[in-house]
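# Reading the structure
Here's the letter readout for the chains.
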Amino acid sequence: MEMILTFENTNFSVKGEHLLLRGGLDVKVMPLPTTIRAGCGLCLRVPPRQLAEAETILADAGVPIEGVYSRKTENGSSTYLPVERGVPCEDD
Amino acid sequence: MLGKPCPMPVLEASKALAAPDRTGVTVLVDNTVATANLERLAANLGCAYACNSQGENHYRVTITKGDLSVPADAVLPEGKNMPALAAEGAAVLITSDQMGRGSEELGKILIKGFLFALAELSVPPKTLLFLNAGVKLAVEGANTLADLQVLAAKGVDILACGTCLNYYQLTDKLAVGQVTDMMGIASRLADADKVISL
């Protein structure tokens, strides 16, 4: 299983990938699945154990995550389920 | 959705259709770009699509789940993230470590998304050829390696230009596929049913 991070726009995806790679995370890029949102876009994949760290790195850099999903692949078909966000918002 | 900017009709329709108890959705839009986008959404989700023009700049789009007129095998399985495109017999020629011209950072992230999408195809291409800076995608430490390994496991021939590996001093770093020369590249391109060149 992988965790999928979606962003409001491509610039956040690009910046997010850069930050997570620099942070040493095992981050991968994929096109945004149609079942999450129609239209074009890129999202990032990280292993579940690195989700909290990824959320912290992005929050510290001011890159907002739009949504978090789990990706499970069975028989060549992937299922995406929304995940409740675990990290409290520190914006206030 | 009248007067709403481009992505909104598709986003809102997509959200509405995600509810399991809904059988469909009706959307009013004011332009044909929006109707075309909604038609594509319906096709991607295996839903029926109907559009009635109700005067100038006024369209009523109805998307219905579980259309019986669509053959069962044309309906995507639940959670399938993209249409099952077949690339049988194709050779994909990748001549750069980025996709398209323009922003380098965007191009580098696009090529990663493309290789992932290629690995998701129901029928992958026959051959992937890496030339010039494209060879950097297939060497140790490359972020794209996992997707290339998926493709290799599906039987795709992955070939990297030896001259190019040598130029970038990466000859001993190739981590997936094999080294080839220009004769090999030329013959693969000539043999392919179609060539997809990036």
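Here, the structure is the one placed above.
These lines cover the structure that appears in this document, whether it is placed above or below.

Basis of the calculations
- Residues numbered from 1 in each chain as written.
- Chains lettered and ligands numbered in written order.
- Predicted model: local features only at pLDDT ≥ 70, side-chain atom pairs only at ≥ 80, totals over all residues.
- Heavy atoms only, no water.
- Helix = DSSP H or I, 4+ residues; strand = E, 2+ residues; numbered from the N terminus.
- Expected span 1.5 Å × (residues − 1).
- Contact = heavy atoms within 4.5 Å.
- Pairing = 2+ DSSP bridges.
- Axes fitted to C-alpha atoms, helices over the stretch in contact; angles between N-to-C directions.
- Salt bridge = Lys/Arg side-chain N within 4 Å of Asp/Glu carboxyl O.
- Polar contact = N/O pair within 3.5 Å; in protein donor to acceptor, adjacent residues only side chain to side chain.
- Nonpolar A, V, L, I, M, F, W, Y, C, P; charged D, E, K, R; others polar.

Further remarks concern helix H1 (residues 10–22) of chain A. Between its first and last C-alpha atoms H1 of chain A spans 18 Å; for 13 residues at 1.5 Å apiece the expected length is 18 Å, and the two agree. In this structure, the buried residues of H1 of chain A make contact with strand S1 (2–6), strand S2 (28–31), strand S3 (42–46) and helix H2 (51–60) of chain A together with helix H3 (104–120) of chain B.

Let us look at the sheet that holds strand S4 (residues 67–74) of chain A. Residue and element names in this part refer to chain A. Read across the sheet, five strands follow the order S2-S3-S1-S4-S5 without closing on themselves; strand pairing throughout is antiparallel. Strand pairing shows two members of the sheet lacking a second neighbour, S2 and strand S5 (77–82), which therefore form its edges. Taking the axes of each pair of neighbouring strands and ignoring which way they run, one obtains an average angle of 35° across the sheet. As paired strands, S2 and S3 are joined by four bridges and run antiparallel to one another. Paired with Val29 across the two strands is Leu44, which belongs to S3. Where H1 meets the sheet, it contacts S1, S2 and S3, and its direction lies at approximately 25° from that of S3.

A few words on the interface of chain B and chain A. Each side of the interface is counted separately: chain B has 22 residues, and chain A has 23 residues. The interface formed by chain B and chain A holds three salt bridges in total. The salt bridge partner of Arg45 of chain A is Asp147 of chain B, with a shortest N-O separation of 3.6 Å. Applying the counting rule to chain B against chain A returns three residue pairs in polar contact (both at pLDDT 80 or more). For the side of chain B that touches chain A, the elements supplying multiple residues, two or more each, are helix H1 (7–18), helix H2 (32–45), H3 and helix H4 (145–153) of chain B. A total of nine residues in the side of chain B that touches chain A trace back to one element, the largest contributor, which is H3 of chain B. A per-class count over the side of chain B that touches chain A returns ten nonpolar, six polar and six charged.

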